[in-house]
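These are the residues of each chain, in order.
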Amino acid sequence: MDKAQIKQIEARTLVIAMCGSVFMGVAGVAAAVLSNSTAILMDGMFSLIGFTSALIGRKISLNAGAAPDRFRPLGYAADEAVFVTFRSLSLIGLILFAAGSAGMNIANYLSGEPVAELHYAPMFVYFVVVGATCFGLWALHHRTWKRTGKNSEILRLESKAAAVDGALTFGTFAGLGIIFLLGDGVLAPIAPIGDSIVVIVLCAGSIWQIWREMLGGVGELLGVTARPDVIAKVRRAIRDRMEAAPGEMTDLSVVKLGRTYLVSVYCNPRQAITAQEIDALNIALIADVKKVLPNSDVMLCISEFPRSWPDGMVPD
């Protein structure tokens, strides 16, 4: 499957994601209004953020992997990392807002203010329909991600987001279902604020996963080294080539940016070498690395030193 086909499949999948997210978002807001449930409103807002991210992600997906040009001399790979970071930030903002609102509702209840009564009938219709939609979107994204070589950070994140959204929907259903069943019994003292308690529990349960996604995106933007298993895979792929090349390999670095890996190979040839020979070695290294990391590029650095200059060599 070539890159054009992959982009076409990703774009089609993200269009379906946008439609699904709009449907779930509108359903969530409508169900929240009908039921007076803050938990369902938060669930619906998650879906609306999913629509915005799918819209932006589709544009980024079409540009991902594009060659450097005069406007983006380093290429477009960083767009995916930016997307992951700011999508996670928007979700964290929503979680903090929802948790703050739920906390205020609990505080108002404890101070004696009346709390709106929950209406359960619209909730259960919402849970069945939206839960099935979340599962369908997760299955679609996950299948497409695997079909396109497990390289798209956007599809991976959207698959995970659909799973998280589905988990939130199920968690909301479970929490409000317990309040509905036991609200006149052992949970009677907290039944009026049961909806707010469910919101806080869901926020606490989802914040860590979203925080990890944000840290991953920030790490890529900062140029943090790739995972040790990825580096080991690259070393094995180029070992024979570098052993046959003149001189020695002095260092190796691998950085992940979106769906692209940038491999820097530092080599001291210890003899005269032409530009043509350097280019031939660089192209051969690219072919070797692409066998284990399809979306990758290799920069061959000819130098006496590894990745940084020795202290005192560069003038202040």
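Everything quoted here is computed from the prediction, not taken from an experiment. (Residues numbered from 1 in each chain as written. Predicted model: local features only at pLDDT ≥ 70, side-chain atom pairs only at ≥ 80, totals over all residues. Heavy atoms only, no water.)

K.L.:
Sorry if this is basic, but what is going on with the packing of aromatic side chains here?
P.N.:
Between two aromatic rings, the relevant description is the distance of the centres plus the angle of the planes. All told, the structure shown has seven aromatic pairs when counted by the stated rule. Judged by centre distance (6.4 Å) and plane angle (20°), the ring pair of Tyr-120 and Phe-124 falls under stacked. Relative accessible area serves as the criterion here: at 18%, Tyr-120 is assigned to the buried category. Arranged with centres 5.9 Å apart and planes meeting at 65°, the rings of Phe-305 and Trp-309 form a pair that is edge-to-face. Classification of Trp-309 as exposed rests on a relative accessible area of 54%. By the ring-pair criterion, three or more aromatic residues cluster together here, those being Tyr-120, Phe-124, Tyr-126, Phe-127 and Phe-173. (Phe/Tyr/Trp six-rings, centres within 6.5 Å; stacked < 30°, edge-to-face > 60°. Buried < 20%, exposed > 50% of the residue type's maximum accessible area, 1.4 Å probe, protein only.)

K.L.:
Is there a simple way to explain the pattern of salt bridges in this structure?
P.N.:
Two side chains carrying opposite charge are able to pair once their charged atoms lie near each other. Per the stated rule, a full pass over the model turns up five salt bridges. The shortest N-O distance in the salt bridge between Arg-227 and Asp-229 comes to 3.0 Å. A salt bridge links Asp-288 to Arg-241; its shortest N-O distance comes to 2.8 Å. Note that Asp-288 is positioned in helix α8 (residues 275-290) and Arg-241 in helix α7 (residues 228-244), a separation of 47 residues in sequence. When its relative accessible area of 7% is taken as the criterion, Asp-288 is described as buried. (Salt bridge = Lys/Arg side-chain N within 4 Å of Asp/Glu carboxyl O. Helix = DSSP H or I, 4+ residues; strand = E, 2+ residues; numbered from the N terminus.)

K.L.:
What's the story with the packing of helix α3 (residues 78-110) against helix α6 (residues 194-222) in this structure? I'm lost.
P.N.:
In a packed pair of helices, the relevant descriptors are the angle between the two axes and the axis-to-axis distance. Put simply, α3 and α6 touch, their axes get as near as 8 Å, and they point 160° apart. For the element pair α3 / α6, the angle class is roughly antiparallel. Handedness of the α3/α6 crossing: left-handed. Taken together, the residues that form the contact of α3 with α6 break down as 22 nonpolar, seven polar and two charged. (Axes fitted to C-alpha atoms, helices over the stretch in contact; angles between N-to-C directions. Parallel < 35°, antiparallel > 145°, perpendicular 65-115°, else oblique. Left-handed = near helix turned anticlockwise from the far one by under 90°. Nonpolar A, V, L, I, M, F, W, Y, C, P; charged D, E, K, R; others polar.)

K.L.:
Hey, could you run me through α3 in this one?
P.N.:
Since the α-helix packs 3.6 residues into each turn, any two residues three or four apart lie on the same face. Over its 33 residues, α3 extends 48 Å from the first C-alpha to the last, a length consistent with the 48 Å expected when each residue adds 1.5 Å. Two residues or fewer after α3 comes Gly-112, characterised by a positive phi angle close to 105°. (Expected span 1.5 Å × (residues − 1).)

K.L.:
Is there a simple way to think about the UniProt feature "transmembrane region" (unreviewed entry) in the chain in this case?
P.N.:
If you check UniProt for "transmembrane region" (unreviewed entry), the listed places come out as residues 12-34, 40-60, 81-100, 120-140, 161-183 and 189-211 in our numbering. Between the C-alpha atoms that bound residues 120-140 the distance is 30 Å, and the span itself is 95% helix and 0% strand. Helix makes up 78% of residues 189-211 and strand 0%, with an end-to-end C-alpha separation of 34 Å. (UniProt positions renumbered as here; feature names shortened; annotations may be inferred.)

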